[in-house]
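# Structure at a glance
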Amino acid sequence: MNFLQKIQENIKLIFTWNPSDRLWQMPFFAGLSVAIVLFIAAFFNRPDLGLVAIIGTNIFLYVPDTPIHHKMILCMASAFGIIASFTLGLIGQAFPTLIPFIVFLVTMIGAQVVRYFSIGAPGFFFFTFAMILGTYIPFEVKDYPFAIGLVALGTMVANVMVLLYSLSVIYLFKHPPKPIPKIGEFGFGVIIIDPIIIAFFVSASMVFQNFLELERGYWVGVSCAAILTAVTFKQIWIKQTQRILGTILGVSFAYFLLHFSFSPIQFALLMMILMFFAELTAVRNYALAMVFLTPYSTYLAEVASFMNYDPDLIIKARILDITIGSLFGLLGGAVMHWQPLRKILERILRKIVFRWAGED
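What this report covers is the structure whose coordinates are included nearby.

Thresholds, definitions, all that
Here, residues in each chain are numbered from 1, in the same order as that chain's written sequence. Only residues with pLDDT of at least 70 are given local features in this predicted model, and only at 80 or more are side-chain atom pairs given and counted; all residues enter the totals for whole chains, interfaces and linings. Side-chain numbers here rest on the full set of heavy atoms in the structure, without hydrogens or water. Secondary structure elements follow DSSP: runs of H or I of four or more residues count as helices, runs of E of two or more count as strands, with numbering from the N terminus. Only the protein chains shown count as cover for residues, and the accessible areas themselves come from Shrake-Rupley with a 1.4 Å probe. Partly exposed residues are those whose accessible area sits between 20% and 50% of the maximum for their type, while under 20% is buried and over 50% is exposed, using a 1.4 Å probe and protein chains only. Buried residues of nine kinds, namely Ala, Val, Leu, Ile, Met, Phe, Trp, Tyr and Cys, make up a nonpolar core once their side-chain atoms join them within 4.5 Å. Contacts were defined at the residue level, with two residues in contact if any of their heavy atoms lie within 4.5 Å. Salt bridges, as used here, are contacts in which a Lys or Arg side-chain nitrogen is within 4 Å of a carboxyl oxygen on Asp or Glu. Note on geometry: axes are lines fitted to C-alpha atoms, helical ones only across the stretch in contact, with angles between N-to-C directions running from 0 to 180 degrees. In this scheme, roughly parallel covers angles under 35 degrees and roughly antiparallel covers those over 145, while 65 to 115 is roughly perpendicular and the rest are oblique. Residues are grouped as follows: Ala, Val, Leu, Ile, Met, Phe, Trp, Tyr, Cys and Pro are nonpolar; Asp, Glu, Lys and Arg are charged; every other residue, Gly included, is polar. The hand of a helix crossing depends on one turn: near helix anticlockwise from the far one by less than a right angle means left-handed, and clockwise means right-handed. Take the residue count of a helix, subtract one, and multiply by 1.5 Å to get its expected span. Any pair of Phe, Tyr and Trp rings, taking the six-membered ring for Trp, is counted once the centres come within 6.5 Å. Such a pair is stacked with planes under 30 degrees apart, edge-to-face with planes over 60 apart, and tilted for the rest.

## So, the overall build of the protein
- Along the protein, the regular secondary structure elements total 14 helices and zero strands.
- Secondary structure elements of the protein, listed N to C terminal, follow the sequence α-α-α-α-α-α-α-α-α-α-α-α-α-α.
- Accessible area for the protein stands at about 17100 Å²; split by element, carbon and sulfur atoms hold 71% of it.

## Observations regarding unusual backbone geometry
- With phi around 55 degrees, Ser118 is a residue other than glycine that occupies positive phi space.
- Exposure remark for Ser118: the relative accessible area of 23% places this residue in the partly exposed category.
- Of note, the phi angle at Lys174 is positive, near 55 degrees, even though the residue is not glycine.
- As for its placement among the helices and strands, Lys174 is situated in the loop between α7 (144-172) and α8 (188-212).

## Quick notes on the nonpolar core
- One finds Ile54, Phe60 and Met271 to be the most contacted residues of the largest nonpolar core, which totals 100 residues.
- Broken down by element, this core gets its largest block of residues, 11 residues, from α7.
- Not counting residues up to four positions away in its chain, the partners in contact with Ile54 are Val34, Val37, Leu38, Met271, Tyr296 and Leu300.

## Quick word on the pattern of salt bridges
- Scanning the entire structure with this criterion turns up four salt bridges.
- A salt bridge links Lys142 to Glu140, with the nearest nitrogen and oxygen atoms 3.7 Å apart. You'll find Lys142 and Glu140 in the same group, each marked exposed.
- Connected via shared salt-bridge partners are Glu140, Lys142 and Asp143.

## Some points on the packing of helix α6 (residues 125-136) against helix α9 (residues 218-227)
- At a minimum axis separation of 9 Å, α6 and α9 run at an interaxial angle of 175 degrees. When the interaxial angle is binned, α6 and α9 end up roughly antiparallel. Counting all contacts with α6, which are made through Phe125, Thr128, Phe129, Ile132 and Tyr136, the residues of α9 involved are Tyr218, Trp219, Gly221, Val222, Ala225 and Ala226.
- Counted by class, the contact of α6 with α9 contains nine nonpolar, two polar and no charged residues.

## Considering the packing of helix α2 (residues 25-43) against helix α3 (residues 47-57)
- Their axes nearest at 8 Å, the elements α2 and α3 cross at an angle of 150 degrees. Considering their axes alone, α2 and α3 lie roughly antiparallel with respect to each other. Crossing handedness for the pair α2 and α3: right-handed. Contacts between α2 and α3 pair Ser33, Val34, Val37, Leu38 and Ala41 from the former with Pro47, Gly50, Leu51, Ala53, Ile54 and Thr57 from the latter.

## Side note on α6
- Along its 12 residues, α6 runs 17 Å from first to last C-alpha, staying within 8% of the 16 Å computed at 1.5 Å per residue.
- Burial runs high along α6: 11 of the 12 residues are buried.
- Regarding α6, the residues found buried are Phe125, Phe126, Phe127, Thr128, Phe129, Ala130, Met131, Ile132, Leu133, Gly134 and Thr135.
- Structurally, α6 contributes buried residues whose contacts are with α3, α4 (68-94), α5 (99-116), α8, α9 and α12 (286-301).

## Looking at the side chain of Ser85
- With respect to the element layout, Ser85 can be found in helix α4.
- Among all residues touching Ser85, those that are not within four sequence positions of it are Val106, Phe127 and Met131.

## Comments concerning the packing of aromatic side chains
- Within this structure, the stated rule accounts for 17 aromatic pairs.
- Ring geometry for Trp24 versus Phe28: centroids 6.2 Å apart, planes at 65 degrees, classification edge-to-face.
- Judged by relative accessible area, Trp24 falls into the partly exposed class, the value being 47%.
- Judged by its relative accessible area of 33%, Phe28 is partly exposed.
- Taking 5.1 Å as the distance between ring centres and 80 degrees as the angle between the ring planes, the aromatic pair formed by Phe276 and Phe277 counts as edge-to-face.
- Following the ring pairs from residue to residue traces out a cluster consisting of Trp24, Phe28, Phe29, Phe60, Tyr165 and Phe173.

If you want it as structure tokens, here you go:
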């Protein structure tokens, strides 16, 4: 295969409509969990606080196609993880110099846990996402418990939806669950080395955006983390390209939506629809999913200026920050799959880890 054929093959992969065994009920209940939280917030006329709470509903996206008890245990554990990540983000907000270290810690541990327990997409992403949002959503220190409680309430709603989803697909739609995946099968390199490299580049991207003093620079770290959830370098390259292309279309859609003022009920329905189509298309074509994820995540990140936006400022910042973050993710993927460096890191880390564990 010559160089031109390789380019054509890669371009084809970017626009491929992938097969999927994901049940349509999964994106439906994911969107419903978002809508329920925002409906409750609308009842109290505080849709801005509903946006904080739906950070916690993202744990629904970790629901596996396994028996009910495994689904519930995994999602409850994910709830703890996302609450802890958001809390650490708030700590970073109070102590900005700690943000790169907190980003590194949350990303590394998140990546290690999802790989050790064979948890698929979205991987460590939403733990890092929750933590980064925690560093930027403006809360006074005295309101930190209140903010953490909002995220916890979101996880509660999501766990109820996980139970209803599980009961419906198994007993109503007669879908047999798959076996529980084995844990710890990926080996030392995947579980230890890769997460350290991933965490380093996500943390470095946050340092870089801070150095450039970017407006809404948190998208740099978020985009870098999203790219590095891919496994192989080819997947990373394709995902990076899909994210940029999808974001270009997505920001146009977001720019259109940001010019409208929605009532709280209309906004809840809008977010439900965006979540539904984003999750329905995420495994089939990431670029198409980004068209829906871009306005969804834009509303989520702009909670501080809810329904009082400057669309031009938001969109310009978003395109620049995502491009920089995606390039950081591509660089991190290249380093992660550079075999000479991996061998050096493996020798060093094996000595450190096994000495810490008390093994020879």
